[in-house]
Amino acid sequence: MHTCLNCDRTEEQIPLLNLNFKGGEQHICPQCLPLLIHKPQVLAEKLPGMEVTPPAEH
Ligand SMILES: [Zn+2]
């Protein structure tokens with residue numbers, strides 16, 4: 001059973017999106033996806049090794 005890496009809801013409760021990361025697979029629900037996009041540092045502890053430095057402004 002897959003669960004959202006942030007809120008731990010299961011694929012039985014909400015559709016989960018696959019994340020491919022460092023050769024592994026993680027799952028996140030649509031409601032937590034904005035967190036990954038806008039506040040990745042919040043999820044950094046759930047995704048060890050994730051680069052949390054924001055991209056340079058262009
Ligand atoms: Zn979630």
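Please refer to the structure higher up on the page.
Keep in mind it's a predicted model, so treat the numbers as computed, not measured. (Residues numbered from 1 in each chain as written. Predicted model: local features only at pLDDT ≥ 70, side-chain atom pairs only at ≥ 80, totals over all residues.)

## Focus on the overall build of the chain
A count of helices and strands for the chain gives two helices and two strands. Its C-alpha atoms give the chain principal-axis dimensions of roughly 40 × 25 × 20 Å. Residues classed as buried in the chain amount to 10% of the 58 residues present. Counting contacts in the chain only where the partners sit at least 6 residues apart, residues at least 24 apart contribute 27% of the total. (Helix = DSSP H or I, 4+ residues; strand = E, 2+ residues; numbered from the N terminus. Buried ≥ 20, exposed ≤ 12 C-beta atoms within 10 Å, placed from the backbone. Contact = placed C-beta atoms within 7 Å.)

## Overview of the pairing of strand 1 (residues 17–21)
Direction of pairing for strand 1 relative to strand 2 (residues 24–28): antiparallel, over a ladder of five bridges. Residue pairing in the sheet places L19 in a bridge with Q26 of strand 2. Here strand 1 hands over to strand 2 after two residues, with K22 in that stretch at a positive phi of 50°. (Pairing = 2+ DSSP bridges.)

## Details of the nonpolar core
A general trend in soluble globular proteins is that nonpolar side chains are found buried together. By size, the foremost hydrophobic cluster in this structure holds five residues: C4, L16, I28, C29 and C32. The contacts of C4, once residues within four sequence positions are left out, are R9, L16, H27, I28, C29 and C32. (Core = buried A, V, L, I, M, F, W, Y, C linked by C-beta atoms within 7 Å.)

## A short note on unusual backbone geometry
Positive phi is not limited to glycine here, since D8 has a value of about 65°. Tracing the sequence through the fold places D8 in the segment before strand 1. Taking the C-beta count within 10 Å as the criterion, D8 has 10 such neighbours and is therefore assigned exposed. Of note, K22 is a non-glycine position whose phi angle comes to about 50°, a positive value. Within the secondary structure, K22 is located in the loop between strand 1 and strand 2. What makes K22 exposed here is the crowd of 10 C-beta atoms within 10 Å.

Remember, this is a structural readout, not a statement about activity or role.
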